[in-house]
Amino acid sequence: MKQSIAVAATLAMVIGGFCSQAVAKDTRSAAAVAAAPTPAAKDAATAEFDKFREVMEDSNPAELFEAKGEDLWQTRRGPKSAALADSCDLGLGIGVVKGAYVQMPRYFADAGKVMDAERRIVWCMIEKQGFSAEELFRTPFANENFTPEPTSLVTYVAGASRNLKIAVPIDEPHVQDVYRLGREVFSFRAGPYDFACATCHGEDGKRIRMQQLPNLAKKEEAIRAYQGWPGYRMTGGFMLTQQWRMNDCFRQQRFPEPRYLSDTVTSLLTYLTANANGNVYKGPGIKR
Amino acid sequence: MADPMKIRAQMKGDICDIKILMSHPMETGQRKDSDGKVVPAHFIQSLSVDLNGKTVISGQTGTSISRNPVFGFKVKGAKAGDKVTVNWLDNKGDKRTDEATVS
């Protein structure tokens, strides 16, 4: 018999080592917003990271969380022993996942609220599966040792909208109200530094140390609030959602951190997502 | 038990491109938790890839490899429909075996 199998090349790609711990610490302590450095310096660093991300997008560990989330979605769980697949309506009908993510936030009559994906999923876990809200709210965001179930579920649901166009139903009156509120919140200045989101994200070419800050008030850049989220964070190696991003930016703004899944955060997500309407969503991403 | 791997095996010309995503904490044993206690080392120490039951790759891995690692291999002599089996074993004795079909 022919022994023709040969290993041509062995390549182990290691994620995480790329990012120094310093990057994470920088964002934690960053308060001052610097003007952009010379375009050349900025572009070199950004280009390197973009190259790395391109390679990684093809084998993004976010897929592991998508798989986990799918399993959670299909399985009968919780005190009510219900599967989300048989009970949860993400806006397109019970159990319909494909395309749901890019059409949220939207208004849900059964809850009487405009909800983003994470808020809706947690609502379903509480209402349909009977999970304890208190428990779910205690540790809402991932860390090195722990991934909350809603995070995996959001990643699964987001993955089911890969390559679809963002289409928040902005003409719906409730959504419109919440959108307007989000726009207000975005420019609302307060706190010890008198910062608003717009202080850091309302002008072109700003950065904090090495992090470029998207101008989220601009239609063309609003997509950056959406693309790549939920994202696998290479520093530390865990999955984070847009809810986390909002929460962490409130912290950077030196505001009190909002309650998990608050109206305020939904309003911001409605504003930012609707501004990105029409763009194609590439699915769960990778963040430094 | 550990979560399943994600395995993709695709023919590209006469070479089979195998991508494996593993779900693992890959603790180095050097990190401290918030109470200042050392987090014990917990890492994948060996892995192997079989093609139709015959081992084509095997190796040892250590703590320099990141959490949730990605491995990429190129293998000659495979064809669509072949079965790829990946095994790993970690330093605590936990292990996992998952399969995929070459497409």
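For the structure, see preceding data.
Residues numbered from 1 in each chain as written. Chains lettered and ligands numbered in written order. Predicted model: local features only at pLDDT ≥ 70, side-chain atom pairs only at ≥ 80, totals over all residues. Heavy atoms only, no water.

(A) Highlighting the overall build of chain A. Scanning chain A for helices and strands turns up twelve helices and eleven strands. Relative to its 288 residues, chain A shows a buried fraction of 49%. In chain A, the proportion of contacts linking residues at least 24 apart, taken out of those at least 6 apart, comes to 69%. By element, 53% of the accessible surface of chain A is carried by carbon and sulfur atoms, the whole surface being about 13400 Å². (Helix = DSSP H or I, 4+ residues; strand = E, 2+ residues; numbered from the N terminus. Buried < 20%, exposed > 50% of the residue type's maximum accessible area, 1.4 Å probe, protein only. Contact = heavy atoms within 4.5 Å. Areas by Shrake-Rupley, 256 points an atom, 1.4 Å probe, with all protein chains shown as cover.)

(B) Here's a closer look at the packing of aromatic side chains. Residue and element names in this part refer to chain A. One pass over the full model with this rule turns up 13 aromatic pairs over all chains. Ring geometry for Trp73 against Tyr156: centres 6.3 Å apart, planes inclined by 55 degrees, an arrangement best described as tilted. Linking Trp73 in helix α3 (residues 62-74) with Tyr156 in helix α7 (residues 149-159), this pair joins segments that are 83 residues apart in sequence. For Tyr156, a relative accessible area of 13% translates into the label buried. When the ring of Tyr101 is compared with that of Tyr226, the centres are 5.7 Å apart and the planes differ by 40 degrees; the resulting orientation is tilted. Of this pair, Tyr101 sits in the loop between α4 (84-87) and β3 (106-108) while Tyr226 sits in the loop between α10 (219-222) and β8 (228-233), and the two are 125 residues apart along the sequence. Neither Tyr101 nor Tyr226 differs from the other in exposure class; each is buried. Among the aromatic residues, ring-to-ring pairing joins Tyr101, Tyr226 and Tyr281 into one connected group. Above the plane of the ring of Phe108 lies Arg120, whose end atom (NZ or CZ) is 3.9 Å from the centre. (Phe/Tyr/Trp six-rings, centres within 6.5 Å; stacked < 30°, edge-to-face > 60°. Lys NZ or Arg CZ within 6 Å of the ring centre and 35° of its normal.)

(C) Seen up close, the nonpolar core. Trp73, Leu90, Tyr101 and Ile166 of chain A are the most contacted members of the largest nonpolar core, which totals 58 residues. Each residue touching Leu90 of chain A, except ones within four places of it in the same chain, is listed here: Trp73, Val96, Ala100, Met104, Arg106, Phe108, Arg120, Ile121 and Val157 of chain A. (Core = buried A, V, L, I, M, F, W, Y, C linked by side-chain atoms within 4.5 Å.)

(D) Representation of the state of the cysteines in the model. Residues and elements named next belong to chain A. For the coordinates displayed, the defined rule picks out one disulfide over all chains. Put simply, Cys88 and Cys124 are joined by a disulfide, and their sulfur atoms are 2.1 Å apart. Here Cys88 and Cys124 share a disulfide; its torsion about the S-S bond, 75 degrees, makes the bridge right-handed. You can see Cys88 sitting in the loop between α4 and β3 and its partner Cys124 sitting in helix α5 (residues 117-127), a full 36 residues away along the chain. Like Cys88, the residue Cys124 is buried in the burial classification. Left unpaired, Cys197 is separated from the closest cysteine sulfur, that of Cys249, by 7.3 Å. The buried category is assigned to Cys197, whose relative accessible area is 12%. Residue Cys200 stays outside any disulfide, its sulfur separated by 7.6 Å from that of Cys249, the closest cysteine. (Disulfide = S-S within 2.5 Å.)

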